[in-house]
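Secondary and tertiary structure notes
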Amino acid sequence: MPIRDIAIGRPEEATQPDALKAALAEFICTLIFVFAGEGSGMAFSKLSDGGPSTPSGLVSAALAHAFALFVAVSVGANISGGHVNPAVTFGAFIGGNISLLRGIMYWIAQLLGSVVACALLKFATGGLVTSAFALSSGVTVWNAFVFEIVMTFGLVYTVYATAIDPKKGSLGTIAPLAIGFIVGANILAGGAFDGASMNPAVSFGPAVVSWTWTNHWVYWAGPLVGGGLAGLVYEFCFIGHSTHEQLPSTDY
């Protein structure tokens, strides 16, 4: 059961080479992801009057984030697991799949990667604004809170099903693709309402560089609640307990 498996971790873990390499991988993967995702929005704003708020801008953002996350998860999977998201790390911790200490190292690396990516974008574009996530007109913080919970639940549930579940089999080879697809689909669903973050690090970098913190708590609280719920549900229902016996191949 996941509660029993939750571990704090040992202090010496913070200096172990594999933990440091994993944290570095999370930093690089998050930098890659945020640079491409945030950069696509800035590029679209430069090339069009409507920016990412238009239908074509929304599709562009969804594709850019899906492709970038596919790459980021792929290149980090064999080193750190390719979390690229504090909500994914939190969900893995709640499910007993990563220690608290290593999770904190991942969080620090992910947040730094996002900030560095946004700072590089601002420098490389000659000072263009890295837009912080914001609510659309008519959308309340509680609307956005629910959106973030549901979307992040779907994301972390997909991570569990395709990457963490020990019974995943050959599904593990398509995990980065599935994870990228669910993020792209969620951006199409929620991007017009609250920007569809699903990732506190993705929200944190632009907020720091632009120093805009309006309703920023929503982009932490929603994803962490959704990620934690997904970790609990998948561990309790599908990993912690045997739900069924698979039929022999001759019976199909």
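Keep in mind the model is a prediction, meaning the values are calculated, not measured. (Residues numbered from 1 in each chain as written. Predicted model: local features only at pLDDT ≥ 70, side-chain atom pairs only at ≥ 80, totals over all residues. Heavy atoms only, no water.)

**A few points about the UniProt feature "transmembrane region" (unreviewed entry) in the protein chain**
- Cross-referencing UniProt, the feature "transmembrane region" (unreviewed entry) maps to residues 19-37, 58-81, 87-108, 115-135, 141-162, 174-197 and 217-239 in the present numbering.
- Strand forms 0% of residues 115-135 and helix 48%; the C-alpha atoms that close the span are 21 Å apart.
- Secondary structure content for residues 217-239 is 96% helix and 0% strand, and the end C-alpha separation is 31 Å. (UniProt positions renumbered as here; feature names shortened; annotations may be inferred. Helix = DSSP H or I, 4+ residues; strand = E, 2+ residues; numbered from the N terminus.)

**Comments concerning the confidence of the model for the protein chain**
- Model confidence for the protein chain is summarised by a mean pLDDT of 88, while 91% of its residues fall at 70 or above.
- Counting interchain partners and residues more than four positions distant, the pLDDT-below-50 stretch residues 242-252 has four contacts. (pLDDT = per-residue confidence, 0-100. Contact = heavy atoms within 4.5 Å.)

**With respect to helix 7 (residues 175-194)**
- By the largest-angle criterion, leucine 188 marks the main kink of helix 7, which is about 45°.
- Along helix 7, the residues that are buried comprise Ala175, Pro176, Ile179, Gly180, Val183, Gly184, Asn186, Ile187, Gly190, Gly191 and Asp194.
- Elements that come into contact with the buried residues of helix 7 comprise helix 3 (55-76), helix 6 (141-164) and helix 9 (218-239).
- In the stretch just after helix 7, glycine 195 is the one whose phi turns positive, near 90°. (Bend = angle between axes of the 7 residues up to and from the residue. Buried < 20%, exposed > 50% of the residue type's maximum accessible area, 1.4 Å probe, protein only.)

**A short note on the packing of helix 2 (residues 17-47) against helix 3**
- At a closest axis distance of 8 Å, the pairing of helix 2 and helix 3 adopts a crossing angle of 165°. Considered as vectors, helix 2 and helix 3 are oriented roughly antiparallel to each other. Crossing of helix 2 against helix 3: the hand is right-handed. Along its contact with helix 2, which presents Cys29, Phe33, Ala36, Gly37, Glu38, Ser40 and Phe44, the element helix 3 presents Ser56, Gly57, Ser60, Ala61, Ala64, His65, Ala68, Leu69, Ala72, Val75 and Gly76.
- Along the lines of polarity and charge, the residues of the contact of helix 2 with helix 3 split into ten nonpolar, seven polar and one charged. (Axes fitted to C-alpha atoms, helices over the stretch in contact; angles between N-to-C directions. Parallel < 35°, antiparallel > 145°, perpendicular 65-115°, else oblique. Left-handed = near helix turned anticlockwise from the far one by under 90°. Nonpolar A, V, L, I, M, F, W, Y, C, P; charged D, E, K, R; others polar.)

**Focus on the environment of leucine 31**
- Examined against the element boundaries, leucine 31 turns out to sit in helix 2.
- The sequence separation of leucine 31 and glycine 205 amounts to 174 residues, and the corresponding C-alpha distance is 9.8 Å.
- Discounting chain neighbours no more than four positions away, the residues touching leucine 31 are Gly113, Val116 and Ala117.

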